[in-house]
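Single-letter residue listing:
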Amino acid sequence: MKTAELRQKDVAGLQAEVKALQKAHFNLRMQKATQQLGNNSQLKTTRRAIARAKTLLAEKQAAAK
(Lines give C-alpha, C1' and ligand atoms only; values in the text may rest on other atoms or scores of the structure.)
Protein backbone atom coordinates (compact mmCIF):
# COMPACT_ATOMS: atom_id res chain seq x y z
CA MET A 1 0.00 0.00 0.00
CA LYS A 2 1.32 3.42 -0.90
CA THR A 3 2.14 6.06 1.70
CA ALA A 4 -0.54 8.42 0.36
CA GLU A 5 -3.18 5.73 0.91
CA LEU A 6 -1.92 5.06 4.43
CA ARG A 7 -1.99 8.77 5.32
CA GLN A 8 -5.72 8.85 4.63
CA LYS A 9 -6.44 6.21 7.28
CA ASP A 10 -7.15 6.98 10.91
CA VAL A 11 -5.29 5.47 13.87
CA ALA A 12 -7.60 2.44 14.10
CA GLY A 13 -7.24 1.80 10.38
CA LEU A 14 -3.46 1.97 10.59
CA GLN A 15 -3.42 -0.44 13.53
CA ALA A 16 -5.54 -2.88 11.54
CA GLU A 17 -3.23 -2.49 8.56
CA VAL A 18 -0.14 -3.20 10.69
CA LYS A 19 -1.81 -6.30 12.12
CA ALA A 20 -2.74 -7.57 8.65
CA LEU A 21 0.77 -6.94 7.33
CA GLN A 22 2.34 -8.74 10.27
CA LYS A 23 0.08 -11.73 9.66
CA ALA A 24 1.03 -11.74 5.97
CA HIS A 25 4.73 -11.52 6.88
CA PHE A 26 4.37 -14.45 9.27
CA ASN A 27 2.73 -16.52 6.54
CA LEU A 28 5.55 -15.67 4.14
CA ARG A 29 8.14 -16.72 6.73
CA MET A 30 6.36 -20.04 7.20
CA GLN A 31 6.30 -20.57 3.43
CA LYS A 32 10.04 -19.87 3.30
CA ALA A 33 10.71 -22.31 6.13
CA THR A 34 8.79 -25.06 4.33
CA GLN A 35 10.47 -24.28 0.98
CA GLN A 36 7.17 -23.15 -0.60
CA LEU A 37 8.09 -19.48 -1.13
CA GLY A 38 9.20 -18.83 -4.68
CA ASN A 39 9.88 -15.10 -4.43
CA ASN A 40 11.98 -14.16 -1.40
CA SER A 41 11.71 -10.44 -2.17
CA GLN A 42 8.15 -10.52 -0.82
CA LEU A 43 9.63 -10.74 2.68
CA LYS A 44 11.51 -7.48 2.19
CA THR A 45 8.45 -5.79 0.71
CA THR A 46 6.16 -6.72 3.60
CA ARG A 47 8.79 -5.84 6.20
CA ARG A 48 9.14 -2.36 4.72
CA ALA A 49 5.38 -1.94 4.44
CA ILE A 50 5.07 -2.76 8.15
CA ALA A 51 7.73 -0.17 8.97
CA ARG A 52 6.00 2.42 6.80
CA ALA A 53 2.64 1.84 8.47
CA LYS A 54 4.16 1.89 11.97
CA THR A 55 5.93 5.17 11.22
CA LEU A 56 2.73 6.84 10.09
CA LEU A 57 0.92 5.41 13.10
CA ALA A 58 3.50 6.90 15.44
CA GLU A 59 3.23 10.26 13.68
CA LYS A 60 -0.54 10.32 14.03
CA GLN A 61 -0.42 9.29 17.69
CA ALA A 62 2.19 11.99 18.45
CA ALA A 63 0.09 14.61 16.68
CA ALA A 64 -2.98 13.59 18.71
CA LYS A 65 -1.19 14.31 22.00
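Residues numbered from 1 in each chain as written. Predicted model: local features only at pLDDT ≥ 70, side-chain atom pairs only at ≥ 80, totals over all residues. Heavy atoms only, no water.

Undergrad: Is there a simple way to explain the environment of Thr-34 in this structure?
TA: Residue position: Thr-34 is located in the loop between helix H2 (11-33) and helix H3 (41-64). The exposure class of Thr-34 is partly exposed, given its relative accessible area of 47%. (Helix = DSSP H or I, 4+ residues; strand = E, 2+ residues; numbered from the N terminus. Buried < 20%, exposed > 50% of the residue type's maximum accessible area, 1.4 Å probe, protein only.)

Undergrad: Honestly, the nonpolar core in this entry has me stumped. Any pointers?
TA: Note on soluble globular proteins: their nonpolar side chains tend to be buried together. By size, the foremost hydrophobic cluster in this structure holds 9 residues: Leu-6, Leu-14, Val-18, Leu-21, Ala-49, Ile-50, Ala-53, Leu-56 and Leu-57. Where this core is concerned, the elements lending two or more residues are H2 and H3. Contacts of Val-18, omitting those with residues within four sequence positions, involve Ala-53 and Lys-54. (Core = buried A, V, L, I, M, F, W, Y, C linked by side-chain atoms within 4.5 Å. Contact = heavy atoms within 4.5 Å.)

Undergrad: Looking at this model, I keep getting lost on the pattern of salt bridges. Mind explaining?
TA: Two side chains carrying opposite charge are able to pair once their charged atoms lie near each other. Going through the model one piece at a time under the given rule, you end up with 2 salt bridges. The residue Glu-59 makes a salt bridge to Arg-7 at a minimum N-O spacing of 3.4 Å. One end of the pair, Glu-59, is in helix H3; the other, Arg-7, is in helix H1 (residues 3-7), and 52 residues separate them in sequence. For Glu-17, the salt bridge identified is with Lys-9, shortest N-O distance 3.1 Å. Look at Lys-9 and you get partly exposed, because its relative accessible area is 24%. (Salt bridge = Lys/Arg side-chain N within 4 Å of Asp/Glu carboxyl O.)

Just geometry here; none of it tells us what the structure is for.
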